[in-house]
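The lines below spell out each chain.
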Amino acid sequence: MESKPAFNQIQEMPAAVLRVEDLHKYYELGETRVHALRGVSLGIERGEFVAIMGASGSGKSTFMNILGCLDRASAGRYFLEGIDVSQHDKKALALIRNQKIGFVFQGFNLLARTTALENTELPTLYTKIDNLERKKRASEALALVGLADRAQHYPSQMSGGQQQRVAIARALVNRPSILLADEPTGNLDSRTSVEILQILQDLNDKGLTIVLVTHEHDIAEFAKRVLVFRDGKIRKDDPVRDRPRAAEVLKALPTLED
Ligand code: ADP
Ligand code: MG
């Protein structure tokens, strides 16, 4: 159906999409100081699918927010596709984020009075592309998550899983090279969660690099590599052996109608 890649797959780029070196993050809370990241070093290559696990408070979201250029580390370096963004100010971070990163959160954060297509289009409003191209890209992104036929639906007319798929389409619309998802299945039942993982596996098969935070082991094993955070550090970093295919798992799961 699609011949053109739906997101950037620039092959001649250096292999590491993301590289962090000795990242630290402090939050100042009045008199106290929270040391949320305590020296995180890591490389993630193009085409990887990484799951991040760890107890609540272990620094997962802090780390994702830095990877997603939503926040800056207190110390250490961050290279995004070879560019050192550690010293970028807010404006420069926003710019690079909009070009290279798609972000999906636990809450879908869709605008209520806005259709699936318009919600998907939102990130393109900060780019220079024209209206026609905007609609085209948003339609393509919705098709990628299997919602081509729901373009004119409002969030209230869609299930939680469909709303999260719109949020994924919105994250893809600017054709990022990396998709970051912080507990994207946190509000979903188990079948719907696996459906979301099927979409993520499909996108990863097409070359998209994915980093996913989850506290569920069953979800993490759909990734290719699992990191475990504890007390602001990476304590484990292992490849997943015999990872399940979400499409296969779904066949064995009961549907809601059963
Ligand atoms: P996780 O996502 O693994 O649950 P977080 O990254 O949200 O962990 O939090 C790591 C630590 O940093 C926790 O101790 C948390 O309380 C603290 N923290 C997170 N965000 C802030 C913030 N904006 N201000 C102050 N402390 C924060
Ligand atoms: Mg978190």
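Not measured: the values here are computed from a predicted model.

Caption draft 1: Seen up close, the site of ligand 1. Lining the immediate surroundings of ligand 1 are Tyr 27, Leu 29, Val 34, Ala 36, Gly 54, Ser 56, Gly 57, Ser 58, Gly 59, Lys 60, Ser 61 and Thr 62. Those elements that provide at least two residues to the shell around ligand 1 are β1 (16-29), β2 (32-45) and α1 (60-67). Among the elements that line the shell around ligand 1, the one with the most residues is α1, at three residues. In terms of residue class, the shell around ligand 1 is made up of four nonpolar, seven polar and one charged.

Caption draft 2: Quick look at the pairing of strand β10 (residues 233-239). Relative to β10, strand β9 (residues 225-230) runs antiparallel, the two being bridged by six bridges. Within β10, the position partnered with Phe 229 by the bridge is Ile 234. With antiparallel pairing between neighbouring strands as the criterion, β9 and β10 make up a hairpin whose turn holds two residues, including Asp 231 at a positive phi of roughly 50 degrees.

Caption draft 3: Structural context of the nonpolar core. In this structure, Ile 52, Ala 169, Leu 179, Leu 180, Ile 210, Val 211 and Leu 212 are the most contacted members of the largest nonpolar core, which totals 66 residues. The contact partners of Leu 212, leaving out residues within four places of it in the chain, are Ala 51, Ile 52, Ala 181, Pro 184, Leu 200 and Ala 223.

Caption draft 4: Spotlight on the pairing of β2. Two elements, β1 and β2, share 11 bridges in a ladder whose sense is antiparallel. By the bridge assignment for β2, Leu 18 is matched with Ile 44.

Caption draft 5: Molecular detail of the packing of helix α5 (residues 160-172) against helix α6 (residues 190-205). Running from amino to carboxyl end, α5 crosses α6 at an angle of 25 degrees, the nearest separation of the two axes being 10 Å. On the basis of the axis angle, α5 is roughly parallel to α6. For the pair α5 and α6, the crossing hand works out as right-handed. Seen from α5, the contacting residues are Gly 160, Gly 161, Gln 164, Arg 165 and Ile 168; seen from α6, they are Thr 192, Glu 195, Ile 196 and Ile 199. Taken together, the residues of the contact of α5 with α6 break down into three nonpolar, four polar and two charged.

Analysis parameters
- The written sequence of each chain sets the order in which its residues are numbered from 1.
- For this description, chains carry letters from A and ligands carry numbers from 1, given in the order in which they are written.
- Given that the model is predicted, a residue must reach a pLDDT of at least 70 before its local features are reported, and side-chain atom pairs must reach 80 or more before they are shown or counted; all residues, however, enter totals for whole chains, interfaces and linings.
- Defining nearness, a residue is near a molecule or strand when the C-beta atom obtained from its backbone falls within 6 Å of it.
- Here a helix means four or more residues in a row that DSSP labels H or I, a strand means two or more in a row labelled E, and each is numbered from the N terminus.
- Residue polarity is assigned by list, with Asp, Glu, Lys and Arg as charged and Ala, Val, Leu, Ile, Met, Phe, Trp, Tyr, Cys and Pro as nonpolar; anything else, Gly included, falls into the polar class.
- Two strands qualify as a pair provided that DSSP identifies no fewer than 2 bridges between them.
- Each nonpolar core reported here comprises buried Ala, Val, Leu, Ile, Met, Phe, Trp, Tyr and Cys residues connected via C-beta atoms within 7 Å.
- For every residue, the other C-beta atoms within 10 Å of its own C-beta are counted; 20 or more classify it as buried, 12 or fewer as exposed, and values in between as partly exposed. C-beta atoms are placed from the backbone.
- C-beta atoms are first placed from the backbone for all residues, and any pair lying within 7 Å is then listed as a contact.
- For helices, the axis comes from a line fit to the C-alpha atoms of the stretch in contact; other axes are also lines fit to C-alpha atoms, and the angle between any two N-to-C directions lies between 0 and 180 degrees.
- When describing relative orientation, an angle under 35 degrees is termed roughly parallel and one over 145 degrees roughly antiparallel, while 65 to 115 degrees is termed roughly perpendicular and anything else oblique.
- Note on convention: the crossing is left-handed when the near helix lies turned anticlockwise from the far helix by less than a right angle, right-handed when the turn is clockwise.

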